[in-house]
Amino acid sequence: MRAIVNTPGAAEPVAIREVPEPTPAANEALVEVRAFSLNRGETRLMQVRPEGWRPGQDVAGIVLQVPAEGGGPAAGTRVVALCDQAGWAERVAVPTHRLAALPDNVRFEPAAALPVAGLTALRTLRHGAPLLGKRVLITGAAGGVGNLAIQLAVKSGAKVTAVVGGPERARAIEGLGAAEIVLGIDAAQGRFGLILEAAGGASLKAAIERIEPRGTIVIFGNSSGEPTPLSFRDFAERPNARVQSFSYFTSEAEERFAPDLALLASLIGDGALRPLLVERGWRDLAATATELRERRIAGKAVFRIEPS
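The structure displayed is predicted, hence computed values, not measured ones.

Peer 1: Quick rundown of the sheet that holds strand 11 (residues 192-197)? Include the residues and the values.
Peer 2: With parallel pairing, 6 strands are arranged side by side in an open sheet as 10-9-8-11-12-13. Only two strands of the sheet have a single partner each, and these edge strands are strand 10 (180-183) and strand 13 (242-245). Strand after strand, the sheet turns through a mean of 20° between neighbouring axes, direction not considered. Across 4 bridges, strand 12 (residues 211-219) lies against strand 13 in parallel orientation. Bridge pairing links V218 to Q244 in strand 13. Set on the sheet, helix 4 (residues 144-155) makes contact with strand 8 (135-138), strand 9 (159-164) and strand 11; between it and strand 9 the angle comes to about 170°. Each of strand 11 and strand 12 touches helix 6 (residues 202-210); the most contacted strand, strand 12, lies at about 155° to it.

Peer 1: A description of the pairing of strand 3 (residues 28-38) should follow, citing residues and the corresponding values.
Peer 2: Counting buried residues in strand 3 gives 9 out of 11 residues, a clear majority hidden from the surface. The sheet contact formed by strand 3 and strand 6 (residues 91-95) spans 5 bridges and is antiparallel. Note on strand 6: the bridge partner recorded for E32 is R91. In the sheet, strand 3 pairs with strand 4 (residues 58-65) via 7 bridges, with the strands oriented antiparallel.

Peer 1: Break down the pattern of salt bridges for me, citing the residues and quoting the values.
Peer 2: One pass over the structure, following the stated rule, counts 21 salt bridges. Of the charged contacts in the structure, one is a salt bridge between R126 and D260, with a shortest N-O distance of 2.9 Å. You can see R126 sitting in helix 3 (residues 114-126) and its partner D260 sitting in helix 7 (residues 257-269), a full 134 residues away along the chain. Linking R191 and E237 is a salt bridge whose minimum nitrogen-to-oxygen distance equals 3.9 Å. Here R191 is found in the loop between strand 10 and strand 11, whereas its partner E237 is found in the loop between strand 12 and strand 13, with 46 residues between them in sequence.

Rules and cut-offs
- Residues numbered from 1 in each chain as written.
- Predicted model: local features only at pLDDT ≥ 70, side-chain atom pairs only at ≥ 80, totals over all residues.
- Heavy atoms only, no water.
- Pairing = 2+ DSSP bridges.
- Helix = DSSP H or I, 4+ residues; strand = E, 2+ residues; numbered from the N terminus.
- Axes fitted to C-alpha atoms, helices over the stretch in contact; angles between N-to-C directions.
- Contact = heavy atoms within 4.5 Å.
- Buried < 20%, exposed > 50% of the residue type's maximum accessible area, 1.4 Å probe, protein only.
- Salt bridge = Lys/Arg side-chain N within 4 Å of Asp/Glu carboxyl O.

Here it is in structure tokens:
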């Protein structure tokens, strides 16, 4: 079968090559991949992982074969799934607790945007529950996680301030429901009960200055690559506020992946969630990765697997 393979020493960072077919474990379904999405963190992994490494976590497709031990969606079911890696391929083996059936009206492309970004948005917001009436600050709001977090927070009754890096990215998220869109975190006024922070460095320092007493800052990235100095005195006027780290693979129990993916897919089906997407063929992956890394794409980049 064909798959995306890492080629760090070549003219392009990845290439489509022939690879062996997957061999599913007893608890894994075999899925024919129709679409997959690229996460910004994966663009960095392409630069540091060795020749032959196979990337890919977010996929959507059709179940070809159910697990040997049974369970999970039946053959022929359209699904969204989360892989550890190697998902950018014509076929992939996925544990049944990491895939969920898609509603009939949900296309593969928006579904493929859900696993990493959608689960991160959903689960980081849970650290601030209940959100009804709460002021929520979201950095990187025009990114893959940010655009979904805005929508989920607004649907839960939060008053969202969305932080973006420039006017074009601000325009990209207009209409998603944020009460306010600001250019840079320094423009965010007042205190917040929950802050989703992905930039690190000066941005995290500014987030600490804006958290309210007993509020929560959830750190789910460090896109700036900068450290943040932290002192007990930073919280003198914010008693009992906390900084919470986040990792999507271990943030909740393994058996929660399928229900959470099903929830997110149902929200798309109901029209309550609309991922921001750029849709392309998988032969355009290398060029698109550069655009995403340079923040010339808002939301998620999603790729269709085209016939050979």
